[in-house]
Amino acid sequence: MKKLLSALFSLFVLAAIVTAAYFNLDFIKAQAAKVEGMYYVYKGDKSYSKLQMQKAIGFYNKGLSIYPEHYEAWYNLGNIYVAYEDYESALYAYSQAFKYNPRMMVARMNYGIISAEKSGDFDSALEQYNKIIKTKRKLLSIPYVFNNKVSYKDNKAIAYYNIGVTYRLKSLYANDNWEEQRKYLAKAIDAYKKSIKINPNSYDTQYNLGLAYHISGNYTDAGKSYCNAIKIAPMNYEAHYNLAILLKKLGHYQEAYDEIDKASTLISAIDENPATRQYVSIVMNDIMRNVYHNEEYKKYLQNILEEEKRKTKILSKKDRKVKPEKDKEQKEPIRSRGIDFINGKIVATDELDKAMLENFGKCSAMSYFNPVEEDELF
């Protein structure tokens with residue numbers, strides 16, 4: 001009797017499964033397609049991780065043709081197309097990624113960057129950046145485990161920065177219409193300022209804010225922004241170079257020379273394009289000619305020479321009082337401030353690195369731009 005009941009129960013379960021499958025045939029087919037699609041996406045991921053891009057494209061396209069809702073595969077596919085400079089295909093892939101996952105901010109960000117900088121479609125780029133800013137997310141913070149507050153703020157800061165870049169690009173395409181240029185530059189400045197309010201320590205944003213002010217003719221705020229950028233990243237040459245150009249225009253030739261000298265040093269250190277080095281040298285020589293003909297500089301130079309003469313006299317008197325010592329065999333490397341001489345080779349020390357960083361990070365021209373207090377900036 002028990003065997004009969006067990007057999008009937010098994011038959012009933014089987015019948016229920018068959019009936020459910022019959023009435024949910026579409027669901028079962030969809031799940032089967034999802035499994036097959038995920039398999040090809042998995043193979044695409046493996047090829048992508050090994051930088052086998054052509055194989056990855058084939059597997060991703062195969063998987064997405066079966067299971068198109070896989071937004072991460074669309075995103076990876078977009079990145080591959082960017083690497084191959086197939087920007088039209090990349091834009092389509094990114095658009096599919098945030099179509100199936102509207103909260104995939106990184107896909108919207110990449111879509112905006114490619115639209116603005118590679119396709120010249122500024123309005124489409126602005127549309128995506130604004131959607132990133134307007135997208136509301138539930139902020140969750142679990143100490144030492146998870147925190148999405150930082151990423152949310154970073155995304156907004158980057159979106160505002162990209163809006164600024166896009167409006168500045170739009171200003172370049174305004175041809176000779178100065179009113180249009182001013183309008184777009186004003187919008188770029190507003191976006192950069194909003195980005196800085198979220199993340200004041202971004203070199204790119206501070207530098208580009210200075211550039212927008214510079215182009216629009218607001219030299220005071222341009223100088224402040226360049227100096228802020230230099231303070232954040234002293235070893236980036238762009239802010240030094242632009243500040244030199246600005247100071248030259250304002251007639252502050254000595255400070256302009258100091259900044260162009262720093263820019264030239266940094267460009268040489270990073271082995272920048274020879275044409276760039278040559279152009280900077282031309283600007284440097286032009287500023288130097290102005291320096292030598294500047295009355296303020298002549299007085300400044302005269303004061304330095306007189307101070308050096310005074311110090312030389314004092315040192316000379318001290319040397320007479322010191323008795324000469326016998327030469328001693330040097331058993332240790334010769335050391336001077338910031339430099340070691342080891343086996344005839346010059347080796348920079350941490351002290352020299354620190355001194356160079358402090359020197360390049362100083363913006364002596366900041367006083368010309370009526371600076372705000374440091375606490376207000378950082």
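Preceding this paragraph is the structure being described.
Let me begin by describing the structure that accompanies this report. (Residues numbered from 1 in each chain as written. Predicted model: local features only at pLDDT ≥ 70, side-chain atom pairs only at ≥ 80, totals over all residues. Heavy atoms only, no water.)

### Side note on the overall build of the protein
Here is the rule we go by: Each helix corresponds to a stretch of at least 4 residues labelled H or I by DSSP, and each strand to a stretch of at least 2 residues labelled E; elements are numbered beginning at the N terminus. Burial here depends on accessible area, computed with a 1.4 Å probe over protein chains only, as a share of the maximum for the residue type. Under 20% is buried, over 50% is exposed, and the range in between is partly exposed. The contact rule is simple, with two residues in contact once any of their heavy atoms fall within 4.5 Å. What sets the accessible areas is the Shrake-Rupley method with a 1.4 Å probe; for residues, cover comes only from the shown protein chains.
Within the protein one finds 17 helices and five strands. Put simply, the protein has 378 residues, and 36% of those count as buried. Taking as baseline every contact in the protein between residues at least 6 positions apart, the subset at least 24 positions apart corresponds to 53%. When the accessible surface of the protein is summed, it comes to about 24,900 Å², and 54% of that surface belongs to carbon and sulfur atoms.

### Section: the environment of Leu-51
Note on placement: Leu-51 falls in the loop between α2 (25-49) and α3 (53-66). C-alpha of Leu-51 to C-alpha of Ile-80: the two residues are 29 residues apart in sequence and 9.5 Å apart in space.

### Here we look at the pattern of salt bridges
Short version of the rule: The rule for a salt bridge is simple: a side-chain nitrogen of Lys or Arg has to be within 4 Å of a carboxyl oxygen of Asp or Glu.
This model, assessed by the stated rule, comprises six salt bridges. The partner of Glu-259 in a salt bridge is Lys-262, with the nearest N and O atoms 3.9 Å apart. Residue Glu-259 and its partner Lys-262 are located together in helix α13 (residues 253-269), separated by three residues, close to a single helical turn.

### Considering the packing of aromatic side chains
Using the following cut-off: Aromatic rings from Phe, Tyr and Trp, taking only the six-membered ring of Trp, are treated as a pair when their centres fall within 6.5 Å; an angle between ring planes under 30 degrees marks them as stacked, one over 60 as edge-to-face, and anything in between as tilted.
Applying the stated criterion to the full structure yields 10 aromatic pairs. Taking the centre distance of 5.6 Å and the plane angle of 85° together, the rings of Phe-98 and Tyr-111 count as edge-to-face. Placement of the pair is Phe-98 in helix α5 (residues 87-100) and Tyr-111 in helix α6 (residues 105-117), with a sequence separation of 13 residues. Ring geometry for Tyr-161 against Tyr-192: centres 6.0 Å apart, planes inclined by 45°, an arrangement best described as tilted. Placement of Tyr-161 in helix α8 (residues 149-172) and of Tyr-192 in helix α9 (residues 178-198) is noted, with a sequence separation of 31 residues between them. Among the residues examined, Tyr-161 registers a relative accessible area of 18% and is labelled buried. Three or more aromatic residues link up through ring pairs in this structure, and these residues are Tyr-203, Tyr-207 and Tyr-226.

### Thoughts on the state of the cysteines
What makes a disulfide is a covalent bond joining the sulfur atoms belonging to two cysteines. Spelled out, the test is: Two cysteine sulfurs form a disulfide in these notes if their separation is within 2.5 Å.
Considering all chains together, one arrives at one disulfide under this definition. Across the disulfide from Cys-227 sits Cys-363; the S-S distance is 1.9 Å. Residue Cys-227 is found in helix α11 (residues 219-232), and its partner Cys-363 is found in the loop between α16 (350-361) and α17 (374-377); the two are separated by 136 residues along the sequence. For the pair Cys-227 and Cys-363, one class covers both residues: buried.

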